Structure formats: structure tokens, C-alpha cells
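Here are the chains, one letter per residue:
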Amino acid sequence: MALGLDDDELKSVEQILSRLAQLSSSIQSLKMDILKSNPLPHPDSLHASARILQRNLSTVLDCLSENAELFSRVAVRPSTNYPGRAQENVLTQLLRKKLEPDVEELVEEGREAARRVTPEGVAELQAIWDELRAWTQSRIAEYVRDEAGDVYTKEERAMGVEKVRTGLRREIEEDDEEEDDDEDEDEDGRDGATAAAAAAAGVNEVAALPPRGPEIETLLWFMTRADFDVPRNIEYERKGAVLMRGLEGINIPPDSTDSVQPGASATQPMQL
């Protein structure tokens, strides 16, 4: 036996040392790749390194779980020829019986996170949310029932509304009543104005139509015949609307239109 361990236990210690060495080498390799690469390594390379680290961590955790009882009772004692002065930091770390404060805090956080994902932790968290939901619903109902319509808060009511400094000369409650009356009057006025506007819109509906020019058929007929009077057998493209026939929609000075008779040509042939 060596160091109070049998062959199997010594092999387990050597195995965990080998796993830790592989993990340390993988971390160092990834660190150097990131530092030396400019820009960063290819995403495929980073993913491969992450998978290697995950696999190494998994093997270390499995080894620790299998030999938890062994590692909990193994005590490290330096030999007499160990260079304690030259390797004081390493010796101090090996002989520590407690974790460093920052490491211990991280370990506690990890254990708490692991406990929360257990069925007991999930049930405890669900109970907290149920209690919070019930309190929130009751508080909202109480506010809507007792406080929403009050111009003063519960604390102001308790200390006395006469001590509240609002910056107004009149009482807030009186102002609210007057505002309600004004709103009713404004609504009545708006209703009357809306009815009057609707009546005026009905009367002037035809006059409100946007102005438009003559029909396209009138222009084409004038272009070919020099006449605005389109025969009745010509079908207009516009359907279901008031058609602009003849000179309707054509901007011609009044002096010119006076001499044009309905049904006659708008232009006269030139006399040579």
C-alpha cells in the first residue's frame, strides 16, 4: 500500500489526475487559439473546442462521482523533502481544509441552482408564485373597489386631507364635480354640432363633389371632328355617374361660348 491506498484506489487517483490534465490542456489550447487568432477562430472550430471541453468536464464529473467516498477521506501530507519555501503557494492550496471565499460562494450558488431544478425546488418556487398571484389579484381588486375613484391616497386620508399640499386654491373634490359638469355640457354641444354638420353634409352632398373635366369620349370626338357634340349612339366609358356632355367641364372663355349654339360645332371653317 502507498499513502494508505490500495491499488484500485491509487488507480482512481491517477485517473482523476489524468482527466484534470486533459481538461486543463483543452482550456489552455482554446485560450491560446482565441488570443492568437485575429479575427476570432471560425465558428466550427469554436464549436469543436466547446464539445471537447464539455466531454472532458463530463468525464471528470463522472470520475468524481464514482470515487466521492475515496476523495472525501484522502488527506494530502507533504513529504519531508518537499520544497515548501519554493512552492509555498502550491503547498498552501494543497493543505487548505476549506475552499477560498470566492470559490465557496460559487459552489454554494451551484448547489442552490441544482436544488431548484429538483421536484422539491420546483414545487417551492411554484408555491411562491401562487402566493404572489393571489396577493396581486386581491390588491388590484381592493384598489379598484376602494382607491381608484379617490383623489387622495390612503396615506393622505389617514393623516388628514386638510394637511395635503396640492398647490390649488380650491378643493380637489369640488374641481372634479365641476369638471364632470363641464364634460357633460361639452358632450351635449358636440352632439348638436355633429347633427348640424350631418344635415349640412346631406344638403351639400352634390356640391361637395370634386370638380372634374370633360369625358374622354368628348375630347376624342373633338380631336377627330372638331366638335364637342358627341352623338347619342356613342357609349361612354364612365358608368353610374353624372356625365359631362358637350361643353360641360371644358374651360372656354364666356365670349366664345356665347356664340356656340347647342348641337352646333364649336369651331367654324376658315374662309379663304
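For every chain, the first residue of the written sequence is number 1, and numbering continues from 1 onward in sequence order. Given that this is a predicted model, residues contribute local features only at a pLDDT of at least 70 and side-chain atom pairs are listed and counted only at 80 or more, while totals for whole chains, interfaces and linings are drawn from all residues. Just so you know, side-chain values use all the structure's heavy atoms and leave hydrogens and water out.

Q: Just give me the short version of unusual backbone geometry, but keep the residues and values in it.
A: Residue Pro-39 is reached from Asn-38 by a cis peptide bond, and omega for that bond is 5 degrees. Strands here are runs of E lasting at least two residues and helices are runs of H or I lasting at least four, both read from the DSSP assignment and numbered beginning at the N terminus. Mapped onto the fold, Pro-39 is located in the loop between α1 (7-36) and α2 (43-66).

Q: Outline the environment of Ser-37, listing residues and values.
A: Turning to its location among the elements, Ser-37 is positioned in the loop between α1 and α2. Here's how the labels work: a residue is buried when its accessible area is under 20% of the maximum for its type, exposed when over 50%, partly exposed in between, all with a 1.4 Å probe on protein chains only. Its relative accessible area of 28% is what places Ser-37 among the partly exposed residues. Identification of polar contacts relies on pairs of N or O atoms within 3.5 Å, with a donor-acceptor requirement for protein atoms, meaning one able to donate a hydrogen and the other able to accept it, and with residues adjacent in sequence counted only if both atoms are side-chain atoms. In this structure the side chain of Ser-37 is engaged in a polar contact, spanning 2.7 Å, whose partner is the backbone oxygen of Asp-33.

Q: So what about the pattern of salt bridges? Which residues, and what values?
A: A pair is scored as a salt bridge if a Lys or Arg side-chain nitrogen falls within 4 Å of a carboxyl oxygen belonging to Asp or Glu. Applying the stated criterion to the full structure yields six salt bridges. Here Glu-108 and Arg-111 are joined by a salt bridge, their closest N and O atoms 3.7 Å apart. Here Glu-108 pairs with Arg-111, and both are found in helix α5 (residues 101-116), just three residues apart, close to one helical turn. A residue is classified by how much of its surface remains accessible, and Glu-108, at 42% relative accessible area, is partly exposed. Judged by relative accessible area, Arg-111 falls into the exposed class, the value being 57%. Glu-112 is the partner of Arg-115 in a salt bridge, and the nearest nitrogen-oxygen pair spans 2.7 Å. With a gap of three residues between them, Arg-115 and Glu-112 both fall in helix α5, about one helical turn apart. Taking relative accessible area as the criterion, Arg-115 reaches 35% and is therefore assigned partly exposed. Using a relative accessible area of 29% as the deciding quantity, one classes Glu-112 as partly exposed. Where salt bridges share partners, they join Glu-112, Arg-115, Arg-116 and Glu-124 into one cluster.

Geometry only, nothing functional implied.
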